[in-house]
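# Analysis of the macromolecular model
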Amino acid sequence: MTVLQSIFLGLLQGFTEFLPVSSSGHLMLAEKLFDIRAGLFFDVMLHLGTLAAVAIAFRQNLWSVVRHPKSNPKLLFLVIASIPTFALALLVKLFVSESLMQMLLPVGFALTIVLIVLSQYLSKPRLRLDESGWLPIIVTGVTQGVAVFPGLSRSGSTISVMKLFGINASDAAEFSFLLSIPVILAGAAAEIYEAATTELVIPDWYCIVIGVFAAFVSGLVSIYMVMRAVKTKSWIAFAVYLIIPFVVSLIIL
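Attention now moves to the packing of helix α2 (residues 23-34) against helix α12 (residues 236-252). The N-to-C vectors of α2 and α12 enclose an angle of 45°; their axes lie 11 Å apart at closest approach. Taken together, α2 and α12 sit at an angle that is classed as oblique. Our pair here, α2 against α12, has a crossing hand that is left-handed. Between α2 and α12, the contacting residues are His26, Leu29, Lys32 and Leu33 on the first element and Tyr241, Pro245, Val248, Ser249 and Ile252 on the second. Taken together, the residues of the contact of α2 with α12 sort by class into 6 nonpolar, 2 polar and 1 charged.

Spelled out as structure tokens, the structure:
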């Protein structure tokens, strides 16, 4: 792996992890278009870089949850939403083949576009997260589990679903990013286990450091871009952009 490839993959992972455009879908397209395969160890390190970006961006929220777990409902919401996420992700991992995942890539991009458009024009987001009840939290967890399919953006689908339930855009985006923490941790753990049971390919250390730093910085930037977009109501721009990877995926897959 070259330094330029590590920077490219780090930027791609960081931006697409949090922008509502599907990181898995973009990484799959990048592998097809540029024939880049970094290896599981490098993927794990990039995920840890994006995890650090969430922790830094929402450090006050996380500290509040840690300090006051009983009085702050977010911790319970995160646990409840994570249960269906992990259950569905495990079922997909066990029973859905890689070839089928690739075939469904255009479908995932199309569903993300539809969800973003619907949430932009049909939602009336007025509720705070703690006023929404349990149903939106559970459905959001289910949505995140389904978003394990490439092309279906985790952040785009979860934020859109919460907005359709009437949760205000800022709370929806914040909860979606906090909900990514257990998902990223679980995904990294699964990749570490898979890497340990296969032949481990470790790139040069400087490529790893550069790639992780690129993922961290781009992750921070993408988080603030999404928070700004949901506040300024420019969410629809992501749906317009997704037409490009949707068409590309139809051509190359």
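Let's pick the thread back up.
This part covers helix α8 (residues 134-146). Spanning 13 residues, α8 covers 19 Å between terminal C-alpha atoms, matching the ideal 18 Å at 1.5 Å per step. By the burial criterion, the buried members of α8 are Pro136, Ile137, Thr140, Gly141, Thr143, Gln144 and Gly145.

This next bit is on the pattern of salt bridges. Within the structure shown, the criterion is met by 2 salt bridges. The partner of glutamate 174 in a salt bridge is lysine 74, and the shortest N-O contact between them spans 2.3 Å. Note that glutamate 174 is positioned in helix α10 (residues 169-196) and lysine 74 in helix α5 (residues 74-95), a separation of 100 residues in sequence. This pair shows no difference in class: glutamate 174 is buried, exactly as lysine 74 is. Here aspartate 171 makes a salt bridge to arginine 128, at a shortest N to O gap of 2.6 Å.

Relative to the helices and strands, serine 6 resides in helix α1 (residues 3-18). One polar contact links the side chain of serine 6 to the main-chain carbonyl oxygen of valine 3, over a distance of 2.6 Å.

Let us look at the nonpolar core. Core analysis: the biggest nonpolar cluster contains 41 residues, and Phe58, Phe175, Phe177 and Ile223 have the highest contact counts within it. When residues of this core are traced back to their parent elements, those giving at least two are α2, α3 (40-57), α5, α7 (105-122), α9 (154-164), α10, α11 (205-232) and α12. Tallying contributions element by element places α10 first for this core, with 9 residues. With residues near it in sequence (within four places) discarded, isoleucine 223 still touches Phe18, Ala53, Val54, Ala57, Phe58 and Phe177. In terms of nonpolar packing, the next biggest core, distinct from the first, is built from 6 residues, Leu9, Phe42, Ile208 and Ala215 among them.

Looking now at the packing of aromatic side chains. Tallied over the entire structure, the rule returns 6 aromatic pairs. Consider the rings of phenylalanine 8 and phenylalanine 34, whose centres lie 5.6 Å apart with planes at 80°: the pair is edge-to-face. Of this pair, phenylalanine 8 sits in helix α1 while phenylalanine 34 is found in helix α2, placing the two residues 26 residues apart along the sequence. Between tryptophan 235 and phenylalanine 238, the ring centres sit 5.6 Å apart and the planes meet at 75°, which makes this aromatic pair edge-to-face. When its relative accessible area of 0% is taken as the criterion, tryptophan 235 is described as buried. Site record: aromatic cluster; members linked through ring pairs are Phe18, Phe58 and Phe177.

What counts as what
- Residues numbered from 1 in each chain as written.
- Predicted model: local features only at pLDDT ≥ 70, side-chain atom pairs only at ≥ 80, totals over all residues.
- Heavy atoms only, no water.
- Axes fitted to C-alpha atoms, helices over the stretch in contact; angles between N-to-C directions.
- Helix = DSSP H or I, 4+ residues; strand = E, 2+ residues; numbered from the N terminus.
- Parallel < 35°, antiparallel > 145°, perpendicular 65-115°, else oblique.
- Left-handed = near helix turned anticlockwise from the far one by under 90°.
- Contact = heavy atoms within 4.5 Å.
- Nonpolar A, V, L, I, M, F, W, Y, C, P; charged D, E, K, R; others polar.
- Expected span 1.5 Å × (residues − 1).
- Buried < 20%, exposed > 50% of the residue type's maximum accessible area, 1.4 Å probe, protein only.
- Salt bridge = Lys/Arg side-chain N within 4 Å of Asp/Glu carboxyl O.
- Polar contact = N/O pair within 3.5 Å; in protein donor to acceptor, adjacent residues only side chain to side chain.
- Core = buried A, V, L, I, M, F, W, Y, C linked by side-chain atoms within 4.5 Å.
- Phe/Tyr/Trp six-rings, centres within 6.5 Å; stacked < 30°, edge-to-face > 60°.

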